Amino acid sequence: MTISKHTALVVIDAQEGIKEELHWGGNRNNPEAENNISTLLHHWRNAHLPVIVVQHCSASSNSPFRPDRPGNKLMDFVKLRSGEKLIQKSTASALIKTDLYRYIEQEKIDALIVTGFVTNNSVEATARNAGDSGINTTVVSDATACFDKLIMNGTKFKSDDVHQLSLANLKDEYASVKTTEEILAALKSKTQNLKPTIE
């Protein structure tokens, strides 16, 4: 894959409320997701590449992401920096009822690298909308995570199965799917001749 100076890292719903696992279905997979997102953020910031932070501000009365709940707060490692774009959304997709499309056009963003929570909800919804809109989109498989899911007949699907199925839904049709290691290798290749170099 190719990363340019207009490739944006997108961090979706990395908020304190994601820690309320029972609300989301319990048994979260990929406990390394936060570390991988943080690593990607560190390298993106060092390379002075665009960062888009998405914060869910739910209108649902029982959501940990309601603006008046502690769970609405961004995780500490995500703390927005000068020049980074904050998108506040109230639907699953970061591209619905927000100014993200306009920002992408205005900043000439040529690709999105999508991370965050949860894989089969806001990550998938955002990646689908982006892919359908012709935006070059990549979802980072180990920088996303989800929870167990009950289906209509009461059968429970394990979080990792839900995660893998969601990624399979996206792969090749709406987005590419890569690992953190693959993204960092592409970033290193791009930034070898840029200053400052990756630490």
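The structure presented is a predicted model; accordingly, all values stated were derived computationally and were not measured. Residue positions within a chain follow its written sequence, with the count starting from 1. The predicted nature of this model means local features are confined to residues of pLDDT at least 70 and side-chain atom pairs, given and counted, to a pLDDT of 80 or more, with totals for whole chains, interfaces and linings taken over all residues. With hydrogens and water set aside, each side-chain value is computed from the structure's full complement of heavy atoms.

Chemist: Sorry, what's going on with the pairing of strand E4 (residues 111–117) here?
Modeler: Each residue is placed in one exposure class: buried if its accessible area under a 1.4 Å probe, protein chains only, is under 20% of its type's maximum, exposed if it is over 50%, and partly exposed if it falls in between. Where helices and strands are cited, they refer to DSSP runs of H or I of at least four residues and of E of at least two residues respectively, numbered from the N terminus. In terms of burial, E4 is largely enclosed, as seven of its seven residues are buried. Burial along E4 is two-sided: the residues Ala111, Ile113, Thr115 and Phe117 and Leu112, Val114 and Gly116 are all buried. Note on pairing: two strands pair once DSSP finds at least 2 bridges between them. Note: strand E1 (residues 7–12) against E4, six bridges, orientation parallel. Pairing of Val10 across the sheet is with Val114, part of E4. As judged from the six bridges shared by E4 and strand E5 (residues 136–145), these two strands associate in the parallel manner. Paired with Ala111 across the bridge in E5 is Asn136. In terms of handedness, the path from E4 via helix H4 (residues 119–132) over to E5 forms a crossover that is right-handed. Here the term right-handed applies to a crossover when the path leading from its first strand over the helix to its second strand runs clockwise, the strands being oriented away from the viewer.

Chemist: Any chance you could explain the packing of aromatic side chains here in plain terms?
Modeler: The description of an aromatic ring pair uses the distance of the two centres, along with the angle that the planes make with each other. When two rings of Phe, Tyr or Trp (its six-membered ring) have centres within 6.5 Å they constitute a pair, described as stacked for plane angles under 30 degrees, edge-to-face for angles over 60, and tilted for the intermediate range. Enumeration according to the criterion identifies one aromatic pair in this entry. Ring centres of Trp24 and Phe65 lie 5.1 Å apart, and the angle between their planes is 45°; this geometry places the pair in the tilted category. Placement of Trp24 in helix H1 (residues 21–24) and of Phe65 in the loop between strand E2 (51–56) and strand E3 (85–89) is noted, with a sequence separation of 41 residues between them. By relative accessible area, Phe65 is classed as buried at 3%.

Just geometry here; none of it tells us what the structure is for.
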